[in-house]
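These are the residues of each chain, in order.
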Amino acid sequence: MKRLGLALGLIVVVLALIVGAVLFSNPSPQTPNNVSPLSFTYTVNNNTFTFYAADGFTNYSWDYGDSSTGAGSVVSHTYQANGNYQVTLIADPLTGPSGSLSAFKQVLVTTVTTLIHHYFENLNVTMGNNAT
């Protein structure tokens, strides 16, 4: 009988610990109102990029990675030189927690052509007494 009482007492203590742990545990963090992550896509035509920001945000601010900036949910930017640029978008969510979110992508510009080549193709050069 003594063993049965000890076993029941131990079970009650274990159950009390489990219930207490469940009741007083920290709830898992949740994103209010299911705020989507900030993102963007883009299309390219020669060296002009058109950037499209995700819906559900406001105050869109762009940094094109070449010391140029822009604003709006859809923007276009023409790069003046070939290179690898980090484009950064900062925006505020319409719902959920306050504070800006950011997203970035690397873009590779390889279509800028130079006019110098065409200039020298059509240039007549005089060397010595001979004209070409």
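Residues numbered from 1 in each chain as written. Predicted model: local features only at pLDDT ≥ 70, side-chain atom pairs only at ≥ 80, totals over all residues. Heavy atoms only, no water.

Caption draft 1: Looking closely at the overall build of the chain. Looking only at helices and strands, one finds 2 helices and 9 strands in the chain. Counting from the amino terminus, the chain carries its helices and strands in the arrangement α-β-β-β-β-β-β-β-α-β-β. A total of 132 residues make up the chain; the buried ones form 18% of that total. Across the chain, the fraction of contacts at a sequence separation of at least 24, relative to all contacts at a separation of at least 6, is 51%. Accessible surface, the chain: about 10100 Å² in total, of which carbon and sulfur atoms supply 59%. (Helix = DSSP H or I, 4+ residues; strand = E, 2+ residues; numbered from the N terminus. Buried < 20%, exposed > 50% of the residue type's maximum accessible area, 1.4 Å probe, protein only. Contact = heavy atoms within 4.5 Å. Areas by Shrake-Rupley, 256 points an atom, 1.4 Å probe, with all protein chains shown as cover.)

Caption draft 2: Just the environment of Gly56, in detail. Turning to its location among the elements, Gly56 is positioned in the loop between strand 2 (48-53) and strand 3 (57-63). With 39 residues separating them along the chain, Gly56 and Thr95 place their C-alpha atoms 7.7 Å apart. The contacts of Gly56, once residues within four sequence positions are left out, are Asp92, Pro93 and Leu94.

Caption draft 3: Representation of the packing of aromatic side chains in the model. Tallying each qualifying case throughout the model produces 9 aromatic pairs. When the centroid spacing of 4.5 Å and the interplanar angle of 25° are considered together, the rings of Tyr79 and Tyr85 count as stacked. A single burial state applies to Tyr79 and to Tyr85, both of which are buried. In textbook terms, an aromatic cluster arises when at least three aromatic residues are bridged by ring pairs, as seen for Phe40, Tyr42, Phe49, Phe51, Trp62, Tyr64, Tyr79 and Tyr85. (Phe/Tyr/Trp six-rings, centres within 6.5 Å; stacked < 30°, edge-to-face > 60°.)

Caption draft 4: The sheet that holds strand 7 (residues 101-109), seen in detail. Read from one edge of the open sheet, 4 strands run 4-3-6-7, paired in antiparallel fashion. Of all strands in the sheet, those bounded by a partner on one side alone are strand 4 (69-71) and strand 7. Pairs of neighbouring strands in the sheet enclose a mean axial angle of 20°, with direction left out of account. (Pairing = 2+ DSSP bridges. Axes fitted to C-alpha atoms, helices over the stretch in contact; angles between N-to-C directions.)

Caption draft 5: Here's a closer look at the side chain of Thr50. Among the structural elements, Thr50 can be located in strand 2. Thr50 sits in the buried class, given a relative accessible area of 16%. In terms of polar contacts, Thr50 uses its side chain to reach the side chain of Ser76, at 3.0 Å. Residue contacts for Thr50: discarding those within four places in its chain leaves Thr41, Tyr42, Thr43, Val74, Val75 and Ser76. (Polar contact = N/O pair within 3.5 Å; in protein donor to acceptor, adjacent residues only side chain to side chain.)

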